[in-house]
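# Survey of secondary and tertiary structure
So you can see what is in the structure, the chains are spelled out below.
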Amino acid sequence: MKKLLVGATVFMSACLLASGASAQLVGIGTSPQGTLTYQIGASVSKVMQDVGKIPSRIQPQSGTSTIIPLLNSGEIDISFANTAEVNDAFHGVGTFAKQPNPKLRMMAVIFPI
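The structure presented is a predicted model; accordingly, all values stated were derived computationally and were not measured. (Residues numbered from 1 in each chain as written. Predicted model: local features only at pLDDT ≥ 70, side-chain atom pairs only at ≥ 80, totals over all residues. Heavy atoms only, no water.)

### A look at the side chain of S45
Along the polypeptide, S45 turns up in helix α2 (residues 36–50). Judged by its relative accessible area of 5%, S45 falls in the buried class. S45 has contacts with I28, S56, R57 and I58, leaving out every residue within four places of it along the chain. (Helix = DSSP H or I, 4+ residues; strand = E, 2+ residues; numbered from the N terminus. Buried < 20%, exposed > 50% of the residue type's maximum accessible area, 1.4 Å probe, protein only. Contact = heavy atoms within 4.5 Å.)

### Re helix α3 (residues 64–73)
Among the residues of α3, those classed as buried are T64, I67, I68, L70 and N72. Where the residues of α3 are buried, they touch β1 (26–30), β3 (78–79) and α4 (83–91). Phi turns positive one or two residues past the end of α3, at G74, with a value near 90°.

### Details of the sheet that holds β3
The strand order across the open sheet built from three strands is β2-β1-β3, with neighbouring strands paired in parallel fashion. Of all the strands in the sheet, just β2 (56–60) and β3 have a single pairing partner and so form its edges. α2 rests against β1, β2 and β3 of the sheet, and its axis sits at about 170° to β2. (Pairing = 2+ DSSP bridges. Axes fitted to C-alpha atoms, helices over the stretch in contact; angles between N-to-C directions.)

### Some words on the pattern of salt bridges
Where charged atoms from two side chains of opposite charge approach closely, those side chains can pair. Tallying each qualifying case throughout the model produces one salt bridge. Here D50 ties to K46 by a salt bridge, and the two come within 2.6 Å at their closest N and O atoms. Residue D50 and its partner K46 are both found in helix α2; the two are separated by four residues, about one turn of the helix. What makes D50 partly exposed here is its relative accessible area of 42%. The exposure class of K46 is exposed, given its relative accessible area of 52%. (Salt bridge = Lys/Arg side-chain N within 4 Å of Asp/Glu carboxyl O.)

### Observations regarding α2
With 15 residues, α2 extends 21 Å between its outermost C-alpha atoms, agreeing within 8% with the 21 Å of an ideal straight helix rising 1.5 Å per residue. Regarding α2, the residues found buried are T37, Y38, I40, G41, S45 and M48. Down the axis of α2, the buried set is contained in an arc of 160°. They therefore lie on one face. The exposed residues of α2 that point more than 90 degrees off its buried face are L36 and K46. Looking at the buried residues of α2, the elements they touch are β1, β2 and β3. (Expected span 1.5 Å × (residues − 1). Arc of directions from axis to C-beta.)

### Comments concerning a nonpolar patch on the surface
Taken together, the side chains of L36, I110, F111 and I113 define a hydrophobic patch exposed on the protein surface, amounting to about 520 Å² of accessible area. Here L36 shows up in helix α2. Taking the relative accessible area as the measure of exposure, L36 reaches 54% and is therefore exposed. (Patch = residues over 30% accessible without salt bridge, like charges linked within 9 Å, V, L, I, M, F, W, Y side chains within 5 Å. Areas by Shrake-Rupley, 256 points an atom, 1.4 Å probe, with all protein chains shown as cover.)

Shown next as C-alpha coordinates:
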(Lines give C-alpha, C1' and ligand atoms only; values in the text may rest on other atoms or scores of the structure.)
Protein backbone atom coordinates (compact mmCIF):
# COMPACT_ATOMS: atom_id res chain seq x y z
CA MET A 1 0.00 0.00 0.00
CA LYS A 2 2.85 2.33 0.86
CA LYS A 3 4.49 1.67 -2.54
CA LEU A 4 1.20 2.44 -4.29
CA LEU A 5 0.84 5.72 -2.38
CA VAL A 6 4.44 6.73 -3.17
CA GLY A 7 3.94 5.75 -6.83
CA ALA A 8 0.71 7.73 -7.07
CA THR A 9 2.35 10.75 -5.44
CA VAL A 10 5.29 10.64 -7.85
CA PHE A 11 2.92 10.27 -10.82
CA MET A 12 0.73 13.18 -9.70
CA SER A 13 3.79 15.36 -9.07
CA ALA A 14 5.16 14.54 -12.51
CA CYS A 15 1.82 15.42 -14.13
CA LEU A 16 1.61 18.73 -12.29
CA LEU A 17 5.18 19.67 -13.14
CA ALA A 18 4.74 18.70 -16.77
CA SER A 19 1.60 20.79 -17.16
CA GLY A 20 3.17 23.76 -15.40
CA ALA A 21 6.28 23.62 -17.55
CA SER A 22 4.46 23.64 -20.87
CA ALA A 23 4.71 27.05 -22.49
CA GLN A 24 1.73 28.89 -23.83
CA LEU A 25 1.41 29.05 -27.62
CA VAL A 26 2.24 32.50 -29.04
CA GLY A 27 -0.10 33.63 -31.83
CA ILE A 28 1.54 35.66 -34.60
CA GLY A 29 -0.94 37.64 -36.67
CA THR A 30 -0.04 38.15 -40.33
CA SER A 31 -1.65 39.08 -43.59
CA PRO A 32 -2.48 36.21 -46.02
CA GLN A 33 0.12 33.86 -47.49
CA GLY A 34 2.33 35.49 -50.09
CA THR A 35 2.53 38.84 -48.30
CA LEU A 36 5.57 40.39 -46.67
CA THR A 37 4.07 40.22 -43.18
CA TYR A 38 3.35 36.51 -43.65
CA GLN A 39 7.01 35.87 -44.54
CA ILE A 40 8.18 37.95 -41.56
CA GLY A 41 5.76 36.10 -39.27
CA ALA A 42 6.97 32.73 -40.54
CA SER A 43 10.60 33.74 -39.94
CA VAL A 44 9.91 35.10 -36.45
CA SER A 45 7.93 31.97 -35.57
CA LYS A 46 10.76 29.70 -36.75
CA VAL A 47 13.37 31.58 -34.71
CA MET A 48 11.10 31.60 -31.64
CA GLN A 49 10.67 27.83 -31.88
CA ASP A 50 14.18 26.80 -32.94
CA VAL A 51 16.25 29.18 -30.83
CA GLY A 52 13.97 30.27 -28.00
CA LYS A 53 12.02 27.01 -27.68
CA ILE A 54 8.85 29.13 -27.57
CA PRO A 55 5.91 27.45 -29.29
CA SER A 56 4.28 29.79 -31.80
CA ARG A 57 1.78 29.65 -34.63
CA ILE A 58 1.15 31.96 -37.58
CA GLN A 59 -2.46 33.15 -37.77
CA PRO A 60 -3.10 34.74 -41.19
CA GLN A 61 -5.95 37.24 -41.38
CA SER A 62 -7.35 39.37 -44.19
CA GLY A 63 -5.16 42.37 -43.29
CA THR A 64 -4.06 44.73 -40.56
CA SER A 65 -7.54 46.24 -40.14
CA THR A 66 -8.59 42.77 -38.93
CA ILE A 67 -5.38 41.92 -37.09
CA ILE A 68 -5.10 45.06 -34.95
CA PRO A 69 -8.43 44.64 -33.08
CA LEU A 70 -7.52 40.96 -32.46
CA LEU A 71 -4.15 42.07 -31.12
CA ASN A 72 -5.80 44.70 -28.91
CA SER A 73 -8.21 42.11 -27.47
CA GLY A 74 -5.41 39.60 -26.77
CA GLU A 75 -6.57 36.98 -29.29
CA ILE A 76 -3.24 37.43 -31.12
CA ASP A 77 0.02 38.07 -29.26
CA ILE A 78 2.33 39.61 -31.89
CA SER A 79 1.76 41.20 -35.30
CA PHE A 80 3.30 43.55 -37.83
CA ALA A 81 2.00 46.88 -39.15
CA ASN A 82 3.34 50.22 -40.30
CA THR A 83 3.82 52.95 -37.72
CA ALA A 84 1.19 55.30 -39.18
CA GLU A 85 -1.48 52.59 -39.07
CA VAL A 86 -0.61 51.62 -35.49
CA ASN A 87 -0.83 55.30 -34.50
CA ASP A 88 -4.27 55.62 -36.14
CA ALA A 89 -5.44 52.40 -34.48
CA PHE A 90 -4.18 53.44 -31.05
CA HIS A 91 -5.88 56.85 -31.21
CA GLY A 92 -9.03 55.72 -33.07
CA VAL A 93 -8.62 57.92 -36.13
CA GLY A 94 -8.35 57.34 -39.89
CA THR A 95 -9.21 53.73 -40.78
CA PHE A 96 -9.97 53.09 -37.12
CA ALA A 97 -12.22 56.15 -36.62
CA LYS A 98 -14.00 55.96 -33.25
CA GLN A 99 -12.52 52.49 -32.61
CA PRO A 100 -9.40 53.13 -30.50
CA ASN A 101 -7.16 50.20 -29.60
CA PRO A 102 -5.51 51.40 -26.37
CA LYS A 103 -3.74 48.12 -25.54
CA LEU A 104 -1.41 48.23 -28.55
CA ARG A 105 2.33 48.46 -27.87
CA MET A 106 5.13 48.74 -30.42
CA MET A 107 8.14 46.51 -29.85
CA ALA A 108 10.57 47.29 -32.66
CA VAL A 109 11.10 48.80 -36.07
CA ILE A 110 11.86 46.08 -38.62
CA PHE A 111 12.12 48.15 -41.81
CA PRO A 112 12.97 51.84 -41.44
CA ILE A 113 11.35 53.51 -44.43
